[in-house]
Amino acid sequence: MIIVMKNSQDNLINYAYHVGGSLPDNSPTYVTRQADRDLYEALKRGEFCYILNSRQMGKSSLRVRIMKRLQAEGFACAAIDITAIGGSSDTTEDEWYAGIIDSIMSNFNLYEDFDLNQWWEKQDKLTNVRRLTKFIEEVLLTSIPENIIIFIDEIDSTLSLKFDPDDFFAAIRECYNRKADNPDYQRLAFVLIGVATPPDLIRDKKRTPFNIGKAIELTGFNLEEAEPLVIGLKQKFSNEQARELLKQVLYWTGGQPFLTQKICKLILTESEDVEIGQEAKWLDNLVQKRVIENWEAQDEPEHLRTIRDRLLVNETKASSFLGLYNKIYISPTTISKIATDKNFKKIQMQLQLTGLIVNHQGKLKIANLIYKNIFDKKWVDQEMEKICPYLASFKKWIKSGREPEHLLKNEKLREAREWMEGKILSHSHINYINQSIELNVTNEQKEKKIFAEADRKKLINFIKLLLCVILLTSGFFIITIRNKDKQLKEADKKTDHWYIVLVQKAEQWKQKTNQWLQTNQELKQRLQQNVEKEERLKEQLKQANQENKTLQQQLKQANQENKTLQQRLLEVEKKEQEL
């Protein structure tokens, strides 16, 4: 909406709240902030500067305003939009660096005195970044005698290039370092503008980080700075009402430039009258109806959806963003309390670049009440549920008063621990995981005790069984040995009996043999005695010879029996030895 009004000198001017995009350098709705003074003074001193902040915070409008002011004071200024050069992954390194040089030439109108194509071909032995630094030193600084300030906008586009942009930012740092050796470089300054963090500019950890220049902090408007915005409201409301409405606008927006301009514009489009003293309530209803309710559909030009998308575009980062944001939502978080986390600084800076949170006096807090009402606890839970594998159990745990039955176990706990690795989560989530771990450890210890007791009982039962087997086996062997011993004793008795019998028989045969020997001796004597009577006693001698033959046969039989007895005796002795 454009309102035609008279200024204090009764001159007509066009006054329009500007929603989205850069404000013209003469826009009456431009709000001058501390950043304007900081950037202007730093550039006047020749300092390199960078304005790294979230989208729609007025970076480009600040650049337009300061650039116009410096040009009016004799500075030679150039504005390079990286997206206009080609920040896509299809852009080659040659095309990109040539585009940078061409943009500088266009801004300073160097086409008549310098042939880029011819010069570029002559430098074909050099790297692209060396071509850039050579152009700055040999062409730009010699062609432009004034102080030179080059504004490079949308530097976050370099993050999507298919080649490494570290050399480009290293070249800018080299220009800064050359100030000490080359007086011409004292006239040169750069301003880097975009949605990025200083570590993003040079990502190679082996190289010196981008640690030069002055950071220009962009904050929301305060009531005093936003005074120019009252002018438009005064065309529909009294001065007092306009100021009360603006105060309530800033209460909702926290001075966020895009939202502040948008709500001021919405106020002028409303046909409903505002009762005196009811300005705050009326504005609250307007914000609720025209901004918060059904916000995705009403977010034109796009602002809130951009924040949402930056939060959720990467699932791994989204969980960390939501976890940290949830902490801040519950209570403003002092940075020093959680900065010990190795991932915190990076996540914190990236979350700040969404515009959703701000660092206010060392504490992270939600940037404004509109964000807090749209991206509320319910929204965070809904988004976390889409990516968090255990959120349903976590909610049951909270709802039940943190009953252990809803804690994670075994495989689900393992998945949750893998998922949370490297992420920043709220204290409640961390406590939930820690208590789940403690419960699982306790259960594992109990199970180990149960298994150990079961193993002990099994061992005892096995030992008992083994002892029974040993006892049974021992008893069997004892009985067997006793039976064998009894059998052996009986065999011994039989052997002893036969031995005695054999000894008795042997003694008897011995006696008989002795008797037979004695008898034989006597017969010999008698035969000797009867030799002389041989002739006379032939008949007797024949009889005697006959008897002698008989006796010899008997003796032979006796000898045979004697041998048999000896063999039996040997067998008995052998059995005794075996026993």
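Criteria and cut-off values
Residues numbered from 1 in each chain as written. Predicted model: local features only at pLDDT ≥ 70, side-chain atom pairs only at ≥ 80, totals over all residues. Heavy atoms only, no water. Helix = DSSP H or I, 4+ residues; strand = E, 2+ residues; numbered from the N terminus. Rg over C-alpha atoms; globule rule 2.2 N^0.38 Å. Buried < 20%, exposed > 50% of the residue type's maximum accessible area, 1.4 Å probe, protein only. Contact = heavy atoms within 4.5 Å. Areas by Shrake-Rupley, 256 points an atom, 1.4 Å probe, with all protein chains shown as cover. Lys, Arg positive; Asp, Glu negative; His and termini not counted. Charge placed at Lys NZ, Arg CZ, Asp CG, Glu CD. Salt bridge = Lys/Arg side-chain N within 4 Å of Asp/Glu carboxyl O. Pairing = 2+ DSSP bridges. Right-handed = clockwise from strand over helix to strand, strands pointing away. Disulfide = S-S within 2.5 Å. Core = buried A, V, L, I, M, F, W, Y, C linked by side-chain atoms within 4.5 Å. Expected span 1.5 Å × (residues − 1). Phe/Tyr/Trp six-rings, centres within 6.5 Å; stacked < 30°, edge-to-face > 60°. Lys NZ or Arg CZ within 6 Å of the ring centre and 35° of its normal. 1 Å grid on protein atoms, 1.4 Å probe; cavity = no way out; pocket = protein on both sides within 12 Å on 5 of 7 lines; lining within 4 Å. Points joined across faces, edges and corners; volume = space filled by probe spheres on them. Axes fitted to C-alpha atoms, helices over the stretch in contact; angles between N-to-C directions.

How would you sum up the overall build of the chain? Please name residues and give values.
A count of helical and extended segments in the chain gives 23 helices and 10 strands. A globule of 579 residues ought to have a C-alpha radius of gyration of about 25 Å, yet the chain, at 58 Å, is considerably larger. Dimensions of the chain along its principal axes, counting C-alpha atoms only, are 210 × 70 × 35 Å. By residue count, 40% of the 579 residues in the chain fall in the buried class. For the chain, long-range pairs separated by at least 24 residues make up 72% of all intrachain contacts whose partners lie at least 6 apart in sequence. Surface exposure of the chain reaches about 33,900 Å², of which carbon and sulfur atoms provide 49%. Looking at the chain, you have 87 positive and 83 negative side-chain charges, and the mean spots of the two groups are 11 Å apart.

Could you give me a rundown of the environment of Tyr50, with the residues and numbers involved?
Mapping Tyr50 onto the fold places it in strand 3 (residues 49-52). In sequence terms Tyr50 and Arg305 are 255 residues apart; their C-alpha atoms lie 26 Å from each other. Beyond its immediate chain neighbours, meaning those up to four positions away, Tyr50 contacts Leu192, Pro198, Phe210, Ile212, Gly213, Lys214, Ala215 and Ile216.

Got a sec to walk through the pattern of salt bridges? Specific residues and values, please.
Under the counting rule described, the total for this entry stands at 20 salt bridges. Measuring nitrogen to oxygen at the nearest pair gives 2.5 Å for the salt bridge that ties Arg178 to Glu137. With a gap of 41 residues between them, Arg178 in the loop between helix 7 (166-177) and strand 6 (188-194) and Glu137 in helix 6 (residues 128-143) connect regions that are remote in the sequence. Classification of Glu137 by relative accessible area gives partly exposed; the value is 31%. We note a salt bridge from Arg414 to Glu411, for which the minimum N-O separation is 2.1 Å.

An account of the pairing of strand 5 (residues 148-153) is needed here, citing residue identities and associated values.
Counting buried positions over the six residues of strand 5 gives six, a clear majority of the element. Of the two faces of strand 5, the one holding Ile148, Ile150 and Ile152 and the one holding Ile149, Phe151 and Asp153 are both buried throughout. Here strand 4 (residues 76-81) runs beside strand 5; their pairing, made up of six bridges, is parallel. In the sheet register, Asp81 faces strand 5, and the bridge partner there is Asp153. Across five bridges, the pairing between strand 5 and strand 6 is parallel. The partner of Phe151 across the bridge, within strand 6, is Val191. Crossover connection from strand 5 via helix 7 to parallel strand 6: handedness right-handed.

Tell me about the state of the cysteines, residues and numbers included.
Summed over the entire model, instances satisfying the criterion amount to zero disulfides. Cysteine Cys49 is unpaired, with the sulfur of Cys77 as its nearest cysteine sulfur at 12 Å. Cysteine Cys175 remains unbridged, with the sulfur of Cys49 as its closest cysteine sulfur at 15 Å. Take Cys175: its relative accessible area is 3%, and that puts it in the buried class.

Give me the nonpolar core: which residues, what numbers.
Ile267, Leu283, Tyr325, Tyr371, Phe375 and Tyr390 are the most contacted members of the largest nonpolar core, which has 72 residues in total. Formed by 71 residues, the second largest nonpolar core is a distinct cluster that contains Cys49, Leu132, Val139 and Val191.

Give me helix 10 (residues 239-253): which residues, what numbers.
The end-to-end C-alpha distance of helix 10, which contains 15 residues, comes to 21 Å, matching closely the 21 Å that a straight helix rising 1.5 Å per residue would cover. Restricting attention to buried positions, one finds in helix 10 the residues Gln241, Ala242, Leu245, Leu246, Gln248, Val249, Leu250, Trp252 and Thr253. Check the buried side of helix 10 and you find it contacts helix 9 (230-233), helix 11 (257-269), helix 12 (279-292) and helix 18 (369-374). Where helix 10 ends, the next residue or the one after it, Gly254, has phi of about 65°, a positive value.

Outline the pairing of strand 6, supporting the account with residue identities and numerical values.
Burial within strand 6 is extensive, with seven of its seven residues counted as buried. The two faces of strand 6 match: Leu188, Phe190, Leu192 and Gly194 on one face and Ala189, Val191 and Ile193 on the other face are all buried. Note: strand 3 against strand 6, four bridges, orientation parallel. Looking at strand 6, one finds that Tyr50 is bridged to Leu192.

Describe the packing of aromatic side chains, with residues and values.
Any two aromatic rings considered together are summarised by their centre-to-centre distance and by the angle between their planes. Taken as a whole, this structure holds 21 aromatic pairs when the rule is applied. Consider the rings of Tyr97 and Phe168, whose centres lie 6.4 Å apart with planes at 70°: the pair is edge-to-face. Pair noted here: Tyr97 is in helix 4 (residues 93-108) and Phe168 is in helix 7, with a separation of 71 residues, a long-range link. Note that Arg65 overlies the ring of Tyr30, its terminal NZ or CZ placed 4.1 Å from the centroid.

So what's going on with empty space enclosed by the protein? Which residues, and what values?
Summed over the entire model, instances satisfying the criterion amount to four cavities of 30 Å³ or more. Approximately 70 Å³ is the volume attributed to the largest cavity. Forming the boundary of the largest cavity are Ile80, Ile100, Ile104, Leu132, Ile136, Ile150, Ile152, Phe168, Ala171, Ile172, Cys175 and Phe190. A total of four residues in the lining of the largest cavity trace back to one element, the largest contributor, which is helix 7.

Outline the sheet that holds strand 5, supporting the account with residue identities and numerical values.
The strand order across the open sheet formed by five strands is 4-5-6-3-7, and the pairing between neighbours is parallel. Single-partner strands in this sheet number two, and they are strand 4 and strand 7 (214-215). Together, strand 3, strand 5, strand 6 and strand 7 form the strand contacts of helix 1 (residues 34-44), whose direction differs from that of strand 3 by roughly 155°.

Any chance you could break down unusual backbone geometry for me, citing the residues and the numbers?
Looking along the chain, the bond that leaves Glu300 and enters Pro301 is cis, with omega of -10°. Relative to the assigned elements, Pro301 resides in the loop between helix 13 (295-298) and helix 14 (304-312). Positive phi outside glycine occurs at Asn294, with the angle close to 50°. Mapped onto the fold, Asn294 is located in the loop between helix 12 and helix 13. Of the residues examined, Asn294 reaches a relative accessible area of 58% and is grouped as exposed. The phi torsion at Arg402 lies on the positive side, around 70°, for a residue other than glycine. Tracing the chain through its elements places Arg402 in the loop between helix 20 (391-399) and helix 21 (410-420).

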